[in-house]
Amino acid sequence: MKKRIFAVIMAATMVFSLAGCGSKAPDASATTETSATEAKADSADAADASEPAGDIKVAMVTDYGDITDQSFNQSTYEACQVFCDENKLGFTYYKPEGDSTAERVAQIDKAVADGYNVIVMPGYAFAEAIVETAEMYPDVKFVALDVSEFDLEGESSDFNNETYPNVFSAVYQEELPGYMAGYAAVKMGYTKLGFLGGMAVPAVMRYGYGFVQGADAAAKELGADVSLNYVYGNQFSGDADITAAMDTWYQGGTEVVFACGGGIFTSAGEAAAKANGKVIGVDVDQAATIDGKFGKGMTVTSAMKGLKATVNTLLTAIVGGKWDEYAGKISSLGLVSGDDTSLNYVGLPEETTLWNDTFKKEDYLKLVADMANGTVKVSNDTSAEKPSAENIKINFQGNIK
């Protein structure tokens, strides 16, 4: 990446940036060169090269919202807090007063002034703040979650999966948890599905196209007659128009909707509550959020990004003197283990997914193993305007708004 300061024109979508699937990340095939397992092992073998724990102070800057948002902020905060407590590192968080790059930059400035030398930032809205501060603070290590090269440089860049030399940025292979969610839904017995995306940006599309692939594969295995409504709200929030469209779906027989895009899940939840329908969450385990707002047992599962695993890997690398293996890179994270799902950067929540007799936790673990070893392949190609399938019927409806 060319090191230059410029404004990334993203303000219109920043308001809902705390949900990572809003990121406009391009398709990427690069993966981290050191897995979570390797990073943990390396930290034990690299005591001589390790940075003294007393010299490491970790700060998290929240995106719009707070550390109780049951989404990106809370997941990132809890992962940082647990790691720092266990490793006796200084840790705190800073909350911008509002949703703007200037306010994010102000909190980064404050964290650095207070002596914090590792800054963790969740969400693509931090792209402009990184552009403004990375070169200003070359001795600070920046860990960006779900911030793509597209977010940092815009459409005109020659993408090379590189960022500033003191920044590591993680993006995620959304097609993989999307596939898991679609496969699980059909195996659980749902045959009338829906996908409600926020905007047709690559990250959301990868979720959706993965969801279609998973549902298609399960329908083929079962010989089931499965249909799927597919639409984008064209915004990352729910409103009356989107709720009305979801009312039509649920009242027309749709059983479960994968709501993928910031606060757009509210429209799916409102409509599902009227029809005893179900919802699939996104990015983090949304069971508490969706069930809390709209009714216990509504959330079938969630297609998640492994923020905790990412935080653990990067902080372990920093403590273990392995930061150079990550610095300056943008890595697309997915599955690293077919055996230990806690190490993976994508997945379904094992504690809150509504497993049943036709799709048990053991079935999910086998699916993960098959995906990790290549038996099950998932495409990340979103070049087609709309998804396609061989074994299910797709009703593609474009944009609601």
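Fair warning: this is a prediction, and the values are worked out from it, not measured in the lab. Positions within a chain are numbered from 1, following the residues in the order the chain's sequence is written. Local features are withheld for residues below a pLDDT of 70 in this predicted model, meaning they are given only at 70 or higher, and side-chain atom pairs are given and counted only at 80 or more; totals for whole chains, interfaces and linings count all residues. To obtain the side-chain values, all non-hydrogen atoms of the structure were included, while hydrogens and water were left out.

### Focus: the overall build of the protein
At step 1: When helices and strands are tallied, the protein shows 13 helices and 13 strands.
At step 2: The criterion used for residue contact is that any of the two residues' heavy atoms lie within 4.5 Å. In the protein, the share of contacts with a sequence separation of at least 24, taken over all contacts with a separation of at least 6, comes to 76%.
At step 3: Residue burial considers only the protein chains on display, and all accessible areas are found by Shrake-Rupley using a 1.4 Å probe. In the form shown here, the protein has an accessible surface area of approximately 15600 Å², with 48% of it arising from carbon and sulfur atoms. Each helix is a run of H or I in the DSSP string that is no shorter than four residues. Each strand is a run of E no shorter than two, and both are numbered from the N terminus.

### With respect to the sheet that holds strand β13 (residues 392–399)
At step 1: Strand pairing follows a simple DSSP-based rule, namely that at least 2 bridges must link the two strands. The strand order across the open sheet built from seven strands is β12-β10-β9-β8-β6-β7-β13, with neighbouring strands paired in mixed fashion. Each of the sheet's edge strands pairs with one partner strand only, and the pair in question is β12 (346–347) and β13.
At step 2: Relative to β12, strand β10 (residues 299–305) runs antiparallel, the two sharing two bridges. Counted as the bridge partner of Met304 is Gly347 from β12.

### A short note on the pattern of salt bridges
At step 1: Salt bridges are counted wherever a side-chain nitrogen of Lys or Arg sits within 4 Å of a carboxyl oxygen of Asp or Glu. Counted according to the given criterion, the structure contains 15 salt bridges.
At step 2: Residue Lys274 pairs with Asp247 through a salt bridge whose shortest N-O separation is 3.1 Å. In this pair, Lys274 is assigned in helix α10 (residues 265–275) and Asp247 in helix α9 (residues 240–251), connecting sequence segments 27 residues apart.
At step 3: By relative accessible area, which is 13% here, Asp247 ends up buried.
At step 4: Salt-bridge contacts for Lys361 lead to Glu350; the nearest nitrogen and oxygen are separated by 3.4 Å. With a gap of eleven residues between them, Lys361 in helix α13 (residues 361–372) and Glu350 in the loop between β12 and α13 connect regions that are remote in the sequence.
At step 5: Buried means the residue's accessible area, taken with a 1.4 Å probe over protein chains only, is under 20% of the maximum for its type, while exposed means over 50%, and partly exposed covers the values in between. On the accessibility criterion, Lys361 (30% relative accessible area) is partly exposed.

### Notes on the environment of Ile56
At step 1: Tracing the sequence through the fold places Ile56 in the loop between α2 (36–45) and β1 (57–61).
At step 2: By relative accessible area, Ile56 is classed as buried at 2%.
At step 3: Taking the C-alpha atoms as reference, Ile56 lies 6.3 Å from Leu89; in sequence the two are 33 residues apart.

### Considering α9
Each turn of an α-helix holds 3.6 residues, which means side chains three or four residues apart point in the same direction.
At step 1: Look at α9: 16 Å from first C-alpha to last across twelve residues, which is about the 16 Å you get at 1.5 Å a residue.
At step 2: Contacts made by the buried residues of α9 are with β6 (192–197), β7 (226–232), β8 (256–260), α10, β9 (278–283) and β13.
At step 3: Distance and chemistry together define a polar contact, namely a pair of N or O atoms within 3.5 Å, with one atom able to donate a hydrogen and the other to accept it when in protein, and with adjacent residues in sequence counting only for side-chain atoms on both sides. Regarding α9, its N-cap is Asp239, as a side-chain oxygen of that residue lies 3.1 Å from the backbone nitrogen of Asp241 further along.
At step 4: Count one or two residues on from α9 and you reach Gly253, which has phi positive near 115 degrees. A helix is expected to span 1.5 Å for every residue after the first.

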